Amino acid sequence: MKPDIKGLFESTGADAIILQTMPNAFDPSFFYFSQIRPGVLDNNLLILSPKKKPLLVRSVIDPEIKNSNLRVRTVKRRKQMDWLLSKELNCKKIGIDMSIVPVSMLKKLKKELKGRKFFDISKQLDDARAIKTPSEISDIARAAKITEKALSELPSIFRKGMTEAELSLKLEFLLRKKSGDNIAFPVIVANGRNSAFPHHFPGSRKIKKGIVLIDCGAKFNGYCGDLTRVFCVGKPSASQQNLYSTVFEAKRLGEELCVEGASAKKVFNQVSSFLKRHAGSELIHGMGHGLGLKVHDSPSGFTQESDVILKKNMVLTVEPGVYKSGFGIRIEDDVVVGKNKCRKLGNAPESLISLK
């Protein structure tokens, strides 16, 4: 299924759209509309027009691209680039993603293409990627399955005396090996009191008795998986197991609410209220987020401020968490929104997993 370029132009009112991927600024829309796998190109332009195939502009040092969905032009010198842009963008209104395009790039475009009006279409680009195609869902499901498989092998690779950083690296190696791709984000390994911080960065702390929270994701064909699992070194205490069971039930509630037409804000509030009643703590972060070419992708997800209404084939994470002074519990799976129920792309265990 091809991206809906016609719909994008209808929603933006643009005459043309420029997308650019750069080494230090990943633009998911570039890869979505070009249908080129991320990682192949890192400094190229894609020009979208309402009545022509997308134009990929590459330099002679970039990999050759053969794609029947694209027009491809190779430029050798800066003058050739300026001439090509002037020819292709002979129009009035040009849409760009101002959340990604650097100020220096925008200034250069305005200088080279005088008389054109440049305006921000970042929201429309995000909205265009919010509902996933069957192919995208398949890739995300594969990424989630690879992630779950790697996490299932964690007890066999864990060794006493390991640091958080060492276990993180071992898990990253597994994810890369199994996917043949990259990882979605740096692997989080948080032991003991460190698990009480949602975005802990693994360090030189040796893993000791207690909770080990691991948040990670593989990539497949550029699409991200994102799962969080909780382990325990030694026998878990009653309070640890009880909190785990409560968070697990909160996750199950969140998944049940992930249906077409549901308000993301109301889903957040219901799960947060459940945790307040049963764990004495409301959610301190979003209950989940969109998942796709980025690990935090469109739609924006479940927050108290969200205006998102869930639609069929949106893909999101469901990740309630409770954080106490000595440890934290967060459990996360990925889901596809359905008409009457969601499709789960991961299956967290109902009890804590022991590490010996």
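Everything here concerns the structure above.
Predicted, not measured: the structure shown is a model, and the values here were computed from it. (Residues numbered from 1 in each chain as written. Predicted model: local features only at pLDDT ≥ 70, side-chain atom pairs only at ≥ 80, totals over all residues. Heavy atoms only, no water.)

Observations concerning the overall build of the protein chain
Working step 1: Summing up its helical and strand segments, the protein chain has ten helices and 19 strands in all.
Working step 2: When the backbone C-alpha atoms are referred to their principal axes, the protein chain occupies close to 70 × 40 × 35 Å.
Working step 3: Long-range contacts, defined here as pairs at least 24 residues apart, represent 64% of the contacts in the protein chain between residues at least 6 apart.
Working step 4: For the protein chain, the distance from the average site of its 60 positive side-chain charges to the average site of its 37 negative ones is 3 Å. (Helix = DSSP H or I, 4+ residues; strand = E, 2+ residues; numbered from the N terminus. Contact = heavy atoms within 4.5 Å. Lys, Arg positive; Asp, Glu negative; His and termini not counted. Charge placed at Lys NZ, Arg CZ, Asp CG, Glu CD.)

Quick notes on the layout of surface pockets
Using a probe with the size of a water molecule, rolled over the atoms, empty space left in the structure can be pinpointed.
Working step 1: Put simply, the largest pocket is a space of about 710 Å³.
Working step 2: The set of elements that each furnish at least two residues to the lining of the largest pocket consists of α1 (5-12), α2 (28-34), α5 (122-130) and β13 (297-302).
Working step 3: Sorting elements by how many residues they give to the lining of the largest pocket places α5 first, with seven residues.
Working step 4: Looking at side-chain class alone, the lining of the largest pocket contains 13 nonpolar, nine polar and eleven charged residues. (1 Å grid on protein atoms, 1.4 Å probe; cavity = no way out; pocket = protein on both sides within 12 Å on 5 of 7 lines; lining within 4 Å. Points joined across faces, edges and corners; volume = space filled by probe spheres on them. Nonpolar A, V, L, I, M, F, W, Y, C, P; charged D, E, K, R; others polar.)

Here we look at unusual backbone geometry
Working step 1: In this structure, the amide linkage connecting S298 to the following residue, P299, adopts the cis form with an omega of 5 degrees.
Working step 2: Looking at the element boundaries, P299 is found in strand β13.
Working step 3: Even without being glycine, Q35 reaches a positive phi, approximately 60 degrees.
Working step 4: Of note, Q35 is situated in the loop between α2 and β2 (44-48).

Considerations on the sheet that holds strand β8 (residues 210-216)
Working step 1: Strand order in the open sheet formed by four strands is β7-β8-β11-β19, and the pairing between neighbours is mixed. Strands with a single pairing partner mark the edges of an open sheet, and in this sheet they are β7 (188-191) and β19 (353-355). The average undirected angle you get between the axes of adjacent strands in this sheet is 30 degrees.
Working step 2: Inspection of the sheet shows β7 paired to β8 by four bridges, in the antiparallel sense. When the sheet's bridge partners are listed, N191 is paired in β8 with V212.
Working step 3: Where helix α6 (residues 134-152) meets the sheet, it contacts β8 and β11 (227-233), and its direction lies at approximately 5 degrees from that of β11. (Pairing = 2+ DSSP bridges. Axes fitted to C-alpha atoms, helices over the stretch in contact; angles between N-to-C directions.)

Quick notes on the pairing of strand β6 (residues 117-120)
Every regular strand shows the same layout, with side chains that alternate between the two sheet faces.
Working step 1: Looking at chain direction, strand β5 (residues 93-96) and β6 are connected through four bridges and run parallel. Counted as the bridge partner of I94 is F118 from β6.
Working step 2: At this point the chain moves from β5, through helix α4 (residues 103-112), to the parallel β6, and the crossover so formed is right-handed. (Right-handed = clockwise from strand over helix to strand, strands pointing away.)

A word on the sheet that holds β5
Working step 1: Across the sheet, six strands lie side by side as β4-β3-β2-β1-β5-β6; this open sheet has mixed pairing. At either margin of the open sheet sits one strand with a lone partner, and together these are β4 (71-75) and β6. Across the sheet, the mean angle separating the axes of adjacent strands is 25 degrees when strand polarity is ignored.
Working step 2: As defined by bridge partners, strand β1 (residues 16-21) adjoins β2 across five bridges and the pair is classed as antiparallel. What sits directly across from I17, in β2, is L48.

Points about the packing of α6 against helix α8 (residues 164-179)
Working step 1: Following both chains from N to C, one finds α6 and α8 inclined at 135 degrees, their axes separated by 9 Å at the closest point. One way to sum up the angle between α6 and α8 is to call them oblique. As for the relative orientation of α6 and α8, their crossing is right-handed in sense. Across the interface between the two elements, I146, T147, K149, A150 and L151 of α6 pack against L171, L174, L175, K178 and S179 of α8. (Parallel < 35°, antiparallel > 145°, perpendicular 65-115°, else oblique. Left-handed = near helix turned anticlockwise from the far one by under 90°.)

By themselves, these figures tell us nothing about what the structure is for.
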